[in-house]
Amino acid sequence: MSNVNLDHISASHLLPEVQDAMIEAIKHNYGNPSSQNMAGEEAAEVLDQARESVAGLINAKKTKEIVFTSNGTESVNQAIKGVARANVDKGKHIVTTNIEHSSVNRSIKRLSQMGCTVTSVSVDEKGVVNPDDIAKAITDETILVSVMHSNNEIGTIQPIEEISKITKEKKIILHSDAVDSVGVVPIDVQKLGVDLLSYASNPYYGPTGVGGLYIRLGTSIWPIIDGGIQERNKRAGTENLIGIIGMGVAADLATKHMGERVSHLRGLQDLLIKELPNYIDEYYINGDPDNGLPNLVSVSIKYIEGESIVLMLEDDGYTVSTRSACATGSLRASHVLMSIGLDHADAQGTLVITPGIENTKEDITGFLKSLQGIVKSLRDISPLYNKMKATG
Amino acid sequence: MLYSKTVMEHFKNPRNVGVIDDADGVGEVGNPLCGDMMTIYLKIDNDKIDDIKFQTFGCGSAIAVSSMLTELAMGKNVEEAKKITNKDVAAALEGLPKNKLHCSNLGADALHMAIQDYEDKKAGITRPEPRREEGKHGHSQGEACLCPYCDAKIKEHATFCKACQSELDEEH
């Protein structure tokens, strides 16, 4: 049976144009972009082309504001730790939210072990942070505000534009982890008003192992990887040229097809949410899909556990993710789902369904049919479900 | 694949699912942190397990453990069934991933509680509910804590795994 990927948040295919460009680049035997020879200069030129493509995707004014990294996590580490190190004389306080990705949480945790203080602002039940709460959390010591653009578990998009008005007024650096937004929804760093923006290539059908950090000119930040003068002294080490070429092509395609992709994905998301009650009952849709990512539906199905659902769906040919504690190495419930007020049992039955541009309406209805049978058979053996039925 | 063929087979086709309305013994075990819950029902005739059924809320391994456990216990007399251990269940399933071993603890614990419930009833002892809540940790008391990254044994509340140099949260 062919597999239908509804788990694009974990992995997406490379678009044919991206594949071709990367294969050509491998065959071409480019030099080192930092070398002063012909092969090196040629490499520097294609690197700059890719930089232009990525700058175009997020509307960066200057290509030198784009720094290539090895993935979104490195970008986030660079942004947070780089700002903390460069601004140690100004203060040691960081403001963030309680639903950030682990790359943000752990970077900040590391800094707090080294003397930084942190205020983690709570989100509401839809997973949205109130900009007023960010404003209240800021102190004279605050050097950085880091708020994700969209959440990778529930798809909520944060009011970054409003938050940037606050940070600009108070002259505090604003970083946004936009890994699941860039290339998926229109992102304009001028409109958002961010100083730093982290992104990666794989969410928009580029290769894994390539990411980037937008650094607005004038932002006070130190590198965290020291060495040569690559990436304008912001990130030492020879660039992953083949990957970056793929990222550039994927960025061009994302810019070109953004409108049609968003409306296609929004259509699949709407269909899934609209049809779901015809197939299963007793579930929650998490987040705020109408105002969130167009390619993500988070659904908590009551009385059953996510890993079981995922295994059975896989058997039927559908790949999705779960936020169940049992499916994670740490056996811990998702901090995002806890933060929006789910109880442990409901968090256990949470699926994250992320269609991609190649998915069709038939994929969604096929998935729903499969899910219907699975929910029924797992509920039949669930003591929670049978208890609920017995007590009404 | 994370699970053995036997685990997958029992997960997909679980044996002895259901409720015994006039059960002679019931055992219910829950783990609020990991979220697994298991109920075992026993019908006992002449100290022999005549029928056993289960209901489970949990992951693939929790369901497979329940199913295998019922197969191991079916037809055994009570004293034999008491001797079924977590390790027996895991071995019959051709092994479980280390961080899922607590699921097999859940299974044997539920069976032993159901037997206890039967023996209590026989002896005229009444308990409020045949149920036990597990502690916060994902394993039974006395069993080792395992590093979630490399499965090495670690001390309770350790914040660093010496085997793989990973930092750990305090609860693991």
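Before any of the text, the structure's been laid out above.
What counts, and at which threshold
- Residues numbered from 1 in each chain as written.
- Chains lettered and ligands numbered in written order.
- Predicted model: local features only at pLDDT ≥ 70, side-chain atom pairs only at ≥ 80, totals over all residues.
- Heavy atoms only, no water.
- Salt bridge = Lys/Arg side-chain N within 4 Å of Asp/Glu carboxyl O.
- Helix = DSSP H or I, 4+ residues; strand = E, 2+ residues; numbered from the N terminus.
- Buried < 20%, exposed > 50% of the residue type's maximum accessible area, 1.4 Å probe, protein only.
- Phe/Tyr/Trp six-rings, centres within 6.5 Å; stacked < 30°, edge-to-face > 60°.
- Pairing = 2+ DSSP bridges.
- Right-handed = clockwise from strand over helix to strand, strands pointing away.

## Observations concerning the pattern of salt bridges
(1) Moving on: If you walk through the whole model with that rule in mind, you get 19 salt bridges over all chains.
(2) Moving on: Between K12(B) and D315(A) there is a salt bridge; the shortest N-O distance is 3.1 Å. Of this pair, K12(B) sits in helix 1 (residues 5-12) while D315(A) sits in helix 9 (residues 306-315), which puts the two residues in different chains.
(3) Moving on: We classify K12(B) as partly exposed; its relative accessible area is 36%.

## Points about the packing of aromatic side chains
Residues and elements named next belong to chain A.
(1) Moving on: What the rule picks out here adds up to 2 aromatic pairs over all chains.
(2) Moving on: Arranged with centres 5.5 Å apart and planes meeting at 55 degrees, the rings of Y303 and Y385 form a pair that is tilted. With Y303 in the loop between strand 10 (297-301) and helix 9 and Y385 in helix 13 (residues 383-391), this pair connects stretches of sequence that are 82 residues apart.
(3) Moving on: A relative accessible area of 15% means that Y385 is categorised as buried.
(4) Moving on: With centroids separated by 6.2 Å and ring planes inclined at 70 degrees, the aromatic side chains of Y318 and F367 adopt a geometry described as edge-to-face. Here the residue Y318 occupies a position in strand 11 (residues 318-319), and F367 occupies one in helix 12 (residues 361-380), the gap between them amounting to 49 residues.
(5) Moving on: A relative accessible area of 0% places F367 in the buried class.

## Looking at the pairing of strand 6 (residues 173-177) of chain A
Residue and element names in this part refer to chain A.
(1) Moving on: The element strand 6 is largely enclosed, with a buried count of 5 among its 5 residues.
(2) Moving on: Taking every second residue as pointing to the same face, both faces of strand 6 are buried, with I173, H175 and D177 on one and L174 and S176 on the other.
(3) Moving on: Here strand 5 (residues 142-146) pairs with strand 6 via 3 bridges, running parallel. Along strand 6, the bridge assignment pairs L144 with I173.
(4) Moving on: This β-α-β element, strand 5 to helix 6 (residues 160-169) to strand 6, shows right-handed connectivity.
(5) Moving on: Judged from the 3 bridges that link them, strand 6 and strand 7 (residues 196-200) form a sheet pairing that is parallel. Paired with D177 across the two strands is S198, which belongs to strand 7.

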